[in-house]
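# Observations on the three-dimensional arrangement
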Amino acid sequence: MSANDALHIAVLAGDGIGPEVMAPALEVLRKVEASAGLKFRFTGAAAGAHHYLETGKSMPDSTLRLCEEADAILLGACGLPSVRYPDNTEIMPQVELRFQFDLYAGVRPARLIPGVPSPVVGADRRGIDLVVIRESTEGLFASMGKGVVTHDEARETLLITRKTSERLFEFSFRLAERRKARGRPGALTCVDKANVFKAFAFFREMFDEAASRHPEVKTDRLYVDACSALLVKRPWDFDVMVMENMFGDILSDMTAGLIGGMGMAPSADIGDRYAVFQPCHGTAPDIMGQGKANPTAMILSAAMMLDWLADKHGLETAAEAGERIERAVDKAYAEGIKPMEFGGGNGTADIAKAVLAEL
């Protein structure tokens, strides 16, 4: 693809505060567009709980077609606790997209930004800069909608396959290598429960096979319980971690808590051809429409999108634009921006204005 072509971005703003955090992210992308020599074409589409209430579907077929045709997908936040399928599960287009487009690598960075409080003593001095890579299509989530419930018991089935695990590990080693090239340790930890479950022993065996193909990457193996304890004591010891879907779901929320909360945590779900970028937080209907939502995670997710597009299309200017956005966020916080979840008085508009000013 030529740098002169417009990058087509599918925009699924979603429910609750989703549209409120999406708007600043699009403003930020427009701000870097001209200076980076990029062009964006944004196309909005319906998805989420409100669409389900209106039509009985979480997404129309037109949204899926748009996502298939777009260069990347930006998603705000989808679902509302009060809106559920007949089996009492929530409306989750973000999860459905993972299965639809085989987005097997869930990338959840956790980086402590200057001026943001962490509950871990010493984090402000030592820093936190790690990535959780969560397999996003298998594990326990492969049983979603397929579990069996009787009067006396309920069963869900965990699934780990060689095809998906091998792709996941290759992705993880490549990411560790890229981080090493950018000055990080470039170390990769496999997190599992291989001492108890055959499925996780199988998972670790494939990790070891991948490690033999990437001898330049330092590797480690940890059981998920031990990893959890170390994360809240010494998170600065970690660089990249790869794990099964449910473990990743839990640990990525925990690592977000180490860097100030879900409002600070971006994410991506990446496959071989497609990728979705979204904040880790939910729709927060309790603050919807009040101007309190923190758009930082959404803005940083847009920066992740630029880095992925740069790698996919060879657009170095897109990677540089993503780094500019990250630096602008850092400067805005270092100069005193304080979101309401930290006890500050800065809402959506203030945070967006501060980041745009730094750009």
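The notes below deal with the structure included here. Being a predicted model, the structure only gives us computed values, none of them experimental. (Residues numbered from 1 in each chain as written. Predicted model: local features only at pLDDT ≥ 70, side-chain atom pairs only at ≥ 80, totals over all residues. Heavy atoms only, no water.)

Below, the discussion takes up the pairing of strand β10 (residues 240-243). Burial along β10 is two-sided: the face carrying Val240 and Val242 and the face carrying Met241 and Met243 are both buried. As defined by bridge partners, strand β5 (residues 129-135) adjoins β10 across four bridges and the pair is classed as parallel. What sits directly across from Val132, in β10, is Met241. One ladder, built from four bridges, connects strand β8 (residues 187-192) with β10; its direction is parallel. Within β10, the residue paired with Val191 across the bridge is Met243. (Buried < 20%, exposed > 50% of the residue type's maximum accessible area, 1.4 Å probe, protein only. Helix = DSSP H or I, 4+ residues; strand = E, 2+ residues; numbered from the N terminus. Pairing = 2+ DSSP bridges.)

Before going further, it helps to examine the pattern of salt bridges. A side chain with one charge can pair with a side chain of the opposite charge if their charged atoms come near. Tallying each qualifying case throughout the model produces 23 salt bridges. In this structure, Glu166 and Arg162 form a salt bridge, with 3.0 Å as the shortest nitrogen-oxygen distance. Within this pair, Glu166 and its partner Arg162 are both found in helix α6 (residues 162-181), separated by four residues, close to a single helical turn. Assessed through its relative accessible area of 29%, Glu166 is described here as partly exposed. Taking relative accessible area as the criterion, Arg162 reaches 34% and is therefore assigned partly exposed. Its salt-bridge partner being Asp192, residue Arg204 comes within 2.9 Å of it at the nearest N-O pair. With Arg204 in helix α7 (residues 198-213) and Asp192 in strand β8, this residue pair connects regions lying twelve residues apart in the sequence. (Salt bridge = Lys/Arg side-chain N within 4 Å of Asp/Glu carboxyl O.)

As a further point, take the sheet that holds strand β9 (residues 218-223). Pairing between the strands of a sheet is mediated by backbone hydrogen bonds and can be parallel or antiparallel. Overall, mixed pairing links the ten strands, which are arranged β2-β1-β3-β12-β11-β4-β5-β10-β8-β9 in an open sheet. Edge positions in the sheet fall to β2 (39-44) and β9, since each has one partner strand and no second. In this sheet, neighbouring strand axes are inclined to one another by 25° on average, regardless of whether the strands run parallel or antiparallel. Both strand β11 (residues 266-270) and strand β12 (residues 275-279) contribute to a ladder of five bridges, which runs antiparallel. The partner of Ile270 across the bridge, within β12, is Ala275. (Axes fitted to C-alpha atoms, helices over the stretch in contact; angles between N-to-C directions.)

Its 18 residues place the ends of helix α10 (residues 296-313) 26 Å apart at the C-alpha level, agreeing with the 26 Å of an ideal helix rising 1.5 Å per residue. The buried fraction of α10 amounts to 16 of the 18 residues, a majority that puts the element mostly inside the structure. Phi turns positive one or two residues past the end of α10, at Gly314, with a value near 70°. (Expected span 1.5 Å × (residues − 1).)

For the rest of this paragraph, the subject is helix α9 (residues 245-258). With 14 residues, α9 extends 20 Å between its outermost C-alpha atoms, agreeing within 8% with the 20 Å of an ideal straight helix rising 1.5 Å per residue. In this structure, the buried side of α9 is in contact with β4 (105-111), β5, β8, α7, α8 (224-231) and β10. Where α9 begins, one side-chain oxygen reaches toward the backbone nitrogen of Met246, 3.0 Å away; that side chain belongs to Glu244. (Contact = heavy atoms within 4.5 Å. Polar contact = N/O pair within 3.5 Å; in protein donor to acceptor, adjacent residues only side chain to side chain.)

The topology assignment puts Ala34 in helix α1 (residues 18-35). Overall, Ala34 belongs to the exposed group, its relative accessible area being 67%.

In this section: the packing of α8 against α9. Direction vectors running N to C along α8 and α9 enclose 5°, while the axes themselves pass 11 Å from each other. Accordingly, the angle class assigned to the pair α8 and α9 is roughly parallel. Contacts between α8 and α9 involve Val224, Cys227, Ser228 and Leu231 on the former and, on the latter, Phe247, Leu251, Met254, Thr255 and Leu258. (Parallel < 35°, antiparallel > 145°, perpendicular 65-115°, else oblique.)

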